[in-house]
Each structure stands twice: as C-alpha cells, then as structure tokens.
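One-letter residues, chain by chain:
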Amino acid sequence: MNSSSNYSLKPHNTFGLDVTADNFVEYQSVEELREAIPGLQKPMLHIGQGSNILFCGDFHGTVLHSRILNLEIVDDRPEGVSVRVGSGMVWDDFVAWCVTNGLYGAENLSGIPGEVGASAVQNIGAYGAEAKDIIERVEVLDALSLERRCFDASECGYGYRTSIFKQTQFRKYFVTHVVYRLSRQWKPNLSYAGLAKQFEGKAELSAADIRSAVMALRDSKLPDPKVLGNAGSFFVNPVVSDMLASTLSLLYPDMPQYPAADGKVKLSAAWLIEHAGWKGADLGPAGVYEKQPLVLVNRGGATGEDIVRLAVAIIQDVYDTFGVELHPEVNKIG
Ligand code: EPU
C-alpha cells in the first residue's frame, strides 16, 4: 500500500484542478484495502482517473485509488468468455486487450478515459454501446462492514449513465473487480449513425476498424484532457415528458429527440446548450468547448468554483430558453 499526506490531486483529476487531499492511499489488493480502512481519516473518497469529478476545494479526508490490476479469464466457452478485471486497470487498456485477443463487445467504448471500477459505477457509454451491455457481475467491498459482496448485473440498477452505486448505494461500496462477458463471435455494432455512415458499403469490417474509427471520432469532437482540462460530458442528456417534447418540437422542428424509457423523450444537451448561445463561450477561465458544447473546459488556472459558476449559468439559460432542466454527469466534491 502507498500512502501520502497533503497530496496534490492535480494529476488525478482531468480538469487539472490544483487541489490537495489530506491523505492519498493506493492499494494493490482487496485485503490491503480491508486492512487499511479502519485506520484511515474519514471521509473517504474513491477515485479512478478522476475523469468525472470536479473538486471545489481541498479534500479533508482520504482519497483512495485502486491499483488492483489483474485480468483473468474465468469462463471460456464458444458462446462467450468471462473476464475478471481489477478495478484499477485503465479502461482503454482493457478494451485494447479485448480487441487484440478477439473478444468482442467493448470496441465501441474505445478511448473513454477512466478505469474499470468506474465503468461499473457510471455505466459509461458511447457510440451505441454501454458498459452494462457487457458487465456480468461487479465485486465490491462494503466500506462499513468490510465484507466482500458480488452483484449480478441485473442487481446493479443500470440505466443511462447510472447504477445503484451512484444512487441508492452511493459511496457504500468500493468496486474491486468487474467481470465482463465478451463474445468470440464478431458482429459489428453500427447503431450509432455516425459510425454506420463511415462504414457504408464496406464489406469486411473488423473490431480494430471500429476501435480506430471511434478513436478518430473522439479525437475530432472531444478535447484531450492533457491539453485542455475537462471531464468529458459535463451534463447528461435530459429526459423529458412526451408532452414537453411535443411542444418543443413544434417550436424547434430541428431539435433532436430520441425515444427513452417509459414513453419519455431524451433531448440533446449539446443542442440545447448550443442554441442557448453557449457553444465556445467563456466565463472567466472556464469555457464551453467549441466542438462539443456538452464539455466544459478549464482554459487555464480555473478553480472548481469557476467551472460551477459556468455550469449554473448554462443550466439557468437553458431552463429560461427551453423550460428543460440540465443535470450534471460530473460528480462535484466539496
Ligand atoms: N450537437 C449539437 N451541437 C454540437 C454537437 C452536438 O447540436 O456542437 C447535437 C447534434 O444534434 C448531435 C447530438 O447533439 O446529433 C448528439 O451529439 P453526439 O453524438 O456527440 O452525442 P452526445 O449526446 O452529445 C453522448 C455522450 C458522450 C458520447 C457521445 C457519443 C452523454 C452525456 N454523452 O454525447 O459521452 O461520447 O454520446 O456516443 O450521454 C461522456 O460521457 O463523457 C461522453 C463524452
């Protein structure tokens, strides 16, 4: 176990915010974590690569980071392969391993920042796929009782960018391993219109082709956090009533709308932000990315409060213009 005090979190949050943690602990195994917890300064905060987090000040407690990095095939049959992966493994390293080893299902999720543990908490998603599509079970340590527990995917309450680990069981468990179910049968997922268009008329298409195309799409739309601090989509796409959606489509016939669960309608937060006039705009050192307005950026020297000020102004303007409430995807701490 590695433990440090008064530790800079700048390399551990993709907004690049200059904040510290009273204590920072990295552990290599479940046993190490279990033994460490009772003696740690509380509160505890578990992070991955800090790609979905906004620190609004120093953290007075202990920040935990998993370095459980093992990967093992636990079931291998013609119809599918189960792979158990440590929560600290970098998500995209796992995706790359799958593509290289002829295991399919993760390739559309190429290039997403973060680690395996967060994939199961956030239900990360992009380009027509979601982590829940390939998650078989999630192994956790109960932060209070220190007992190990295993959740089948069906018990995780997965929905659009959410799970019980973000909702009812928030901060109760630390994810230690995730078991993914992958296929040996190759079948491209072209449900995202932009990908389908790119491969129109192409007969032979490999998982590596999808991976490269997704990486290129991401590069063209999303800023590299090493160059421009950001946490990907700052807001989730809002889901509204059928009635509000109908009214909006009369007023704004070009507004994108997608069917969602329970007869509701999902709107595009990027479209709403752009049409409220915020695309490319700045408020102090915080800004709205010019190629994808869902992404808020640190133009240099921004604090968490600067980002929050910008987010609040956008939420207000979108509400005043369209009557739609935006909600952050990013977790605000402090
Ligand atoms: N749009 C605009 N203006 C823009 C950009 C987009 O109006 O400048 C509208 C367009 O109508 C476009 C629509 O937004 O068709 C959707 O854009 P995009 O395909 O980029 O998807 P998104 O809904 O904005 C979501 C995820 C992204 C993911 C992409 C691709 C959320 C919150 N975000 O964005 O995830 O990469 O789909 O699948 O669901 C992330 O979570 O960090 C993230 C980047």
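Points about the overall build of the protein
A count of helical and extended segments in the protein gives 8 helices and 20 strands. The C-alpha radius of gyration of the protein comes to 20 Å, within 12% of the 20 Å expected for a compact globule of 334 residues. Projected onto the principal axes, the alpha-carbon positions of the protein cover approximately 60 × 50 × 35 Å. Out of the 334 residues in the protein, the part that is buried amounts to 49%. Within the protein, contacts between residues at least 6 apart in sequence are counted, and of these 60% link residues at least 24 apart. Taken as a whole, the protein presents about 15,200 Å² of accessible surface, with 51% of it coming from carbon and sulfur. On the protein, the mean spot of the 30 positive side-chain charges and the mean spot of the 40 negative ones are 1 Å from each other.

Regarding the site of the ligand
Not every one of the 25 residues close to the ligand is listed here, only the nearest: Tyr-127, Tyr-160, Tyr-192, Glu-274 and Lys-279. One of the backbone N or O atoms of Tyr-127 is found 2.7 Å from an oxygen atom in the ligand. A distance of 2.4 Å separates an oxygen atom of the ligand from a polar atom in the side chain of Tyr-192. When the ligand sits alone it has 820 Å² of accessible area, and the protein chains cover 79% of it. Mapped by element, the contributors of at least two residues to the shell around the ligand are strand 8 (125-126), strand 13 (229-233) and helix 7 (269-275). Per element, the largest residue contribution to the shell around the ligand is 3 residues, and it comes from helix 7.

Structural notes on unusual backbone geometry
Omega for the peptide link from Lys-42 to Pro-43 comes to 0 degrees, which places this bond in the cis form. Looking at where Pro-43 falls in the secondary structure, it is placed in the loop between helix 1 (30-36) and strand 3 (44-47). Phi is positive for Asn-6, close to 45 degrees, though the residue is something other than glycine. The topology assignment puts Asn-6 in strand 1 (residues 2-8). Residue Asn-6 is classed as exposed on the basis of its relative accessible area of 60%.

Structural notes on the nonpolar core
If you look at the biggest cluster of nonpolar residues, it comprises 43 residues, and the most contacted ones within it are Trp-91, Phe-94, Val-138, Phe-165, Tyr-180 and Leu-182. Residue assignment for this core shows that the elements contributing at least two residues are strand 7 (80-86), helix 2 (91-100), helix 3 (116-122), strand 10 (135-142), strand 12 (173-182) and helix 5 (207-221). Setting aside its immediate chain neighbours within four residues, Trp-91 contacts Leu-109, Ile-112, Gly-114, Glu-115, Val-116, Ser-119, Ile-124, Ile-134 and Tyr-180. In this structure, Leu-296, Ile-307, Val-318 and Val-330 belong to the second largest nonpolar core, which totals 36 residues.

Considering the sheet that holds strand 10
Strand order across the open sheet formed by 5 strands is 6-7-12-10-11, with antiparallel pairing between neighbours. Of all strands in the sheet, those bounded by a partner on one side alone are strand 6 (71-77) and strand 11 (148-152). Pairs of neighbouring strands in the sheet enclose a mean axial angle of 20 degrees, with direction left out of account. As judged from the 6 bridges shared by strand 7 and strand 12, these two strands associate in the antiparallel manner. When the sheet's bridge partners are listed, Val-83 is paired in strand 12 with Tyr-180. Each of strand 6, strand 7 and strand 12 touches helix 2; the most contacted strand, strand 12, lies at about 20 degrees to it.

So, helix 5
A rise of 1.5 Å per residue sets the reference length of helix 5, with its 15 residues, at 21 Å; its end C-alpha atoms lie 21 Å apart and thus fit the reference within 8%. Buried residues along helix 5 sit in contact with helix 2, strand 8 and helix 4 (193-198).

What about the sheet that holds strand 3?
Strand pairing in a sheet is mediated by backbone hydrogen bonds. Such pairs are either parallel or antiparallel. Spatial strand order, 1-2-5-3: 4 strands in an open sheet with mixed pairing. Both edges of this open sheet fall to strand 1 and strand 3, since each of them pairs with a single strand only. Across this sheet, the average inter-strand angle for adjacent strands is 30 degrees, counted without regard to direction. With 6 bridges joining them, strand 1 and strand 2 (residues 20-27) adopt antiparallel strand pairing. Pairing of Ser-8 across the sheet is with Thr-20, part of strand 2.

Focus on the pattern of salt bridges
One pass over the full model with this rule turns up 18 salt bridges. Between Glu-31 and Arg-148 there is a salt bridge whose closest N-O contact spans 3.3 Å. Pair noted here: Glu-31 is in helix 1 and Arg-148 is in strand 11, with a separation of 117 residues, a long-range link. Residue Arg-148 is classed as partly exposed on the basis of its relative accessible area of 39%. The salt bridge involving Arg-184 is made with Asp-76; its shortest N-O contact spans 2.9 Å.

The rules behind the values
- Residues numbered from 1 in each chain as written.
- Predicted model: local features only at pLDDT ≥ 70, side-chain atom pairs only at ≥ 80, totals over all residues.
- Heavy atoms only, no water.
- Helix = DSSP H or I, 4+ residues; strand = E, 2+ residues; numbered from the N terminus.
- Rg over C-alpha atoms; globule rule 2.2 N^0.38 Å.
- Buried < 20%, exposed > 50% of the residue type's maximum accessible area, 1.4 Å probe, protein only.
- Contact = heavy atoms within 4.5 Å.
- Areas by Shrake-Rupley, 256 points an atom, 1.4 Å probe, with all protein chains shown as cover.
- Lys, Arg positive; Asp, Glu negative; His and termini not counted.
- Charge placed at Lys NZ, Arg CZ, Asp CG, Glu CD.
- Near = heavy atom within 4 Å.
- Polar contact = N/O pair within 3.5 Å; in protein donor to acceptor, adjacent residues only side chain to side chain.
- Core = buried A, V, L, I, M, F, W, Y, C linked by side-chain atoms within 4.5 Å.
- Pairing = 2+ DSSP bridges.
- Axes fitted to C-alpha atoms, helices over the stretch in contact; angles between N-to-C directions.
- Expected span 1.5 Å × (residues − 1).
- Salt bridge = Lys/Arg side-chain N within 4 Å of Asp/Glu carboxyl O.

These figures come from the coordinates and say nothing about function on their own.
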